[in-house]
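# Structural features, examined
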Number of protein chains: 2
Amino acid sequence: MNFINKVLETIEKKNSLLCVGLDTAKDKIPPHLLQESDPIFEFNKQIIDATQNYAAAFKINLAFYEAYGIEGWQALKKTFDYLPSDVIKIADAKRGDIGNTAKMYAQALFDDLGADAITVNPLMGHDSAQPFLGDPSKGVFFLCLTSNPGSQDFQHFSNGEQKLYEKIAVSVNSWNSNNNCGLVVGATHPEELEKIRSLTPQLPFLIPGIGAQGGDLQKSVQFGTDLNGSNALYNSSRAIIYASLEKDFAQTAKAKAKQTRDDLNNAKI
Amino acid sequence: MNFINKVLETIEKKNSLLCVGLDTAKDKIPPHLLQESDPIFEFNKQIIDATQNYAAAFKINLAFYEAYGIEGWQALKKTFDYLPSDVIKIADAKRGDIGNTAKMYAQALFDDLGADAITVNPLMGHDSAQPFLGDPSKGVFFLCLTSNPGSQDFQHFSNGEQKLYEKIAVSVNSWNSNNNCGLVVGATHPEELEKIRSLTPQLPFLIPGIGAQGGDLQKSVQFGTDLNGSNALYNSSRAIIYASLEKDFAQTAKAKAKQTRDDLNNAKI
C-alpha cells in the first residue's frame, strides 16, 4: 500500500487525527523513572501503552535521543521497535543532503530504525529528495512552513507572486509520483494552511504546533484536512506527554490524548 | 578563542586550506579491512594518520555513520575522539529545528561528540540558529549555496533583486555577533562564490565539491578565500579517501591529500 493510502486508512481505522510526539528529555520526565535502567525508554513505553488507542501516529524527534549519544540511540531503537503496527511511525529528523548522502540517511531511518515516514528539509532541492522517495510504502514529510517565529526569515521570501513555502509545496506535489510525499505545515498559520491545502489537495500534512506551541486547533483542522476531514496528522508532544510529572503521568497523558483526539474530531466541519 | 580566529590560525599553522571528508561507507573501503572488528574506525584511523599533516580540518558526514545504527555511532564517536587537537573537527549533520530541539542537537554534536563546528540548514530561520551560536569557540557553517543540481530549485529563488542564497548569506552575517558563523558554499558555482564573498568578507566558508563533484579549484580558491588567501576550507572526500582500494590505500590517500593541499595553495593569487 502506498504511504498516502496508509495515512488515510490509519486515520479512518483509529478514528483519530492525533500524532503523539515523543520528544522525551531526561530532565522533563517524572523523577521516579530516573532509577530505571533506561528511563527514556521506560517513559516512552508507558506513554505508548497509555495513548496508542487515541493516536493515528507517533512522531519521534531524533534530536532528543542523539543528545544522549549511544545510550540515546539505544532508547530510540527500542522505542521504534515497541511502537504498535497499527500506527504511522514518524522519525522527525529534518534531514536533507546530496543524493549520495541522502541514500545513507534513508537507510538509517527507514531500514535500520524502521520508520514509516520521515521529515526532510527540502532546501537542497529535488536530487536531495529523490533518494528518500523510492519505496512507495515509505513517506516523506517535507518542511514547507514551520511553526516557529524564524519561519518568517526565509520561508516567506517572495518573488511578488509566490512565497518560498508555496514554491516548496508545488515542487513537492510534482515529486509525488509514488504517492508518498507530504508536507510539514505549522498550525500557527491557519490562513497559510488553507492556501497550501488548496495548492496540494492530495498531500498528507503533518501539523505541529497544536499543543504547547499554541496554534488555533479549530482553524487548523478546518483548513488543514482534506474534503473528507482526513489526510492530516496533528502533532502534540509536550502538552500530552508531560501533562503530569507524578506517578500517574501515563494515566494523565491518556486522558489528555483522548481529549485532544476528541477535540480534533469535533473541530471537523 | 572565537571560532573564526581558530579557523584563521589553523589554516596558517597547517599551511593548508584542505578539509578531508570522512564519508566512510563499508562497501567502499578496501575489502581487507572488513575482517577488523570495527572496519569503519580502522579505515578512518589510518586515513587520519596518513593525511593529518596536510589537513586544516576533517569533516565527518553523520549520515554515513547513522546508516549503521548503534555500531555506526560508536565508530563516529571513536573517530571524533581520535582526531588530533590541531585540526578543526566538523560534524556535517545539516541539522535545523526549533529552538527547544536545536538545543538538544547542539548538546549532541558539540558536547557529546566533541565537534568544533557543525553544518546547519537555515531554512527554519533565526530562532533555529541561535541555540547553536551561544559558545563563541564553537562554529556553525550554515548551508547557503550547495553544490548539487537541486540547489537551483529553491536556493536560486529570487525576488528580482536578491536570491534566497544571498538573503541567507546576509542574514547569517547578522547572526555573527559571537564570531562563530560560517557558510557552506558549493565550489561548482565560482561566480556565485565571488558574490557571496563580497557580501560576507569576514565569514569562513566551507566549500564542498572540489573532488569527486568536479568543481573548478582554481576559481574556487580565488573567489572563495578572503583578501589574505585564507578563511575558506575546501573539502575533498571520495577523491582522497578512496584514491586506492589496495593495502596501500593510506599511502595513496596521503599522496593525494598532499597534492590537493599543494594545488589549493598554488591556486591562491
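Described in the following lines is the structure provided in the data block.

## Describing the overall build of chain A
- Within chain A, the secondary structure is distributed over 12 helices and eight strands.
- For chain A, whose C-alpha radius of gyration is 18 Å, the value lies close to the compact-globule estimate of 18 Å for 269 residues.
- With the C-alpha coordinates aligned to their principal axes, the bounding extent of chain A is approximately 55 × 45 × 35 Å.
- Counting the 269 residues in chain A, one finds 64% classified as buried.
- Look at the contacts in chain A between residues 6 or more apart in sequence, and 73% of them connect residues 24 or more apart.
- For chain A, the accessible surface area stands at approximately 9300 Å², while carbon and sulfur atoms represent 45% of it.

## Description of the interface of chain A and chain B
- Taken together, the 55 residues of chain A in the interface contact 56 residues of chain B.
- Together, A:Leu123, A:Phe154 and A:Phe157 form the three largest contributors to the area buried by chain A at its contact with chain B, with a combined 17%.
- In this structure, the connection of chain A to chain B is made through four salt bridges.
- The shortest N-O distance in the salt bridge between B:Lys94 and A:Asp97 comes to 2.8 Å.
- Summed over the shared surface of chain A and chain B, the number is 19 residue pairs in polar contact (both at pLDDT 80 or more).

## Remarks on the pattern of salt bridges
Residues and elements named next belong to chain A.
- In this structure the tally under the stated criterion is 28 salt bridges over all chains.
- Among the ionic pairs, Glu-166 bridges to Lys-195, the shortest N-O distance being 2.9 Å. Residue Glu-166 is found in helix 8 (residues 164–174), and its partner Lys-195 is found in helix 9 (residues 190–199); the two are separated by 29 residues along the sequence.
- Assessed through its relative accessible area of 36%, Lys-195 is described here as partly exposed.

## Here's the deal with helix 10 (residues 217–224) of chain B
Residue and element names in this part refer to chain B.
- Of the positions making up helix 10, those classed as buried are Leu-217, Ser-220, Val-221 and Gly-224. Summarising the axial view, the buried residues of helix 10 lie within an arc of 95°, below the 170-degree limit, and thus occupy one face.
- Tucked into the core, helix 10 has its buried residues touching helix 9 (190–199), strand 7 (205–207), strand 8 (232–236) and helix 12 (249–267).

## A word on the relation of the copies chain A and chain B
- Screw-axis analysis of chain A against chain B gives a translation of 0.0 Å along the axis, an RMSD of 0.0 Å, and a rotation angle of 180°. Those values place the two copies in the arrangement expected of a two-fold rotation axis. For chain A, the minimum C-alpha distance to the rotation axis belongs to A:Asn159 and amounts to 2.0 Å.
- Both copies present the same face, since 100% of the interface residues in chain A are matched by interface residues at the equivalent positions in chain B.

## Observations regarding the side chain of B:Arg197
All names here are of chain B.
- Its location among the elements puts Arg-197 in helix 9.
- Although Arg-197 lies buried, it forms no salt bridge, and the closest oppositely charged side chain, Asp-226, sits 6.1 Å away as judged by the N-O distance.
- A distance of 3.2 Å separates a polar side-chain atom of Arg-197 from the backbone oxygen of Asn-231.
- Not counting chain neighbours up to four residues away, the residues in contact with Arg-197 comprise Gln-202, Leu-203, Phe-205, Phe-223, Gly-224, Thr-225, Asp-226 and Asn-231.

## Some remarks on helix 5 (residues 99–112) of chain A
- A rise of 1.5 Å per residue sets the reference length of helix 5 of chain A, with its 14 residues, at 20 Å; its end C-alpha atoms lie 19 Å apart and thus fit the reference within 8%.
- Within helix 5 of chain A, burial applies to A:Gly99, A:Thr101, A:Ala102, A:Met104, A:Tyr105, A:Ala106, A:Ala108, A:Leu109 and A:Phe110.

Parameters and conventions
Along every chain, residues carry numbers that run from 1 in the direction the sequence is written. Here chains are named by letter from A upward and ligands by number from 1 upward, in the order in which they appear as written. Local features are withheld for residues below a pLDDT of 70 in this predicted model, meaning they are given only at 70 or higher, and side-chain atom pairs are given and counted only at 80 or more; totals for whole chains, interfaces and linings count all residues. Excluding hydrogens and water, the side-chain figures rest on all heavy atoms present in the structure. Secondary structure elements follow DSSP: runs of H or I of four or more residues count as helices, runs of E of two or more count as strands, with numbering from the N terminus. What the globule rule says is 2.2 Å times the number of residues to the power 0.38, and the radius of gyration is computed from C-alpha atoms. Each residue is placed in one exposure class: buried if its accessible area under a 1.4 Å probe, protein chains only, is under 20% of its type's maximum, exposed if it is over 50%, and partly exposed if it falls in between. By the convention used here, residues are in contact when the closest approach between their heavy atoms is within 4.5 Å. We get accessible surface area from the Shrake-Rupley algorithm with a probe of 1.4 Å; when it comes to residues, only the shown protein chains can shield them. By convention, the term buried area covers the 1.4 Å-probe accessible surface removed from two parts as they join, with the contributions of both added. Whenever a carboxyl oxygen of Asp or Glu lies within 4 Å of a side-chain nitrogen of Lys or Arg, that contact is scored as a salt bridge. Polar contact is the term for a pair of N or O atoms within 3.5 Å; when the atoms are in protein, one must be able to donate a hydrogen and the other to accept it, and sequence-neighboring residues count only if both atoms are side-chain atoms. Our arc is simply the arc of the directions from the helix axis toward the C-beta atoms. Copy-to-copy alignment: least squares on C-alpha atoms, limited to residues at pLDDT 70 or above in both. A residue counts as positive if it is Lys or Arg and as negative if it is Asp or Glu; His and the chain ends are not included. A helix's residues, less one, multiplied by 1.5 Å, set its expected span.

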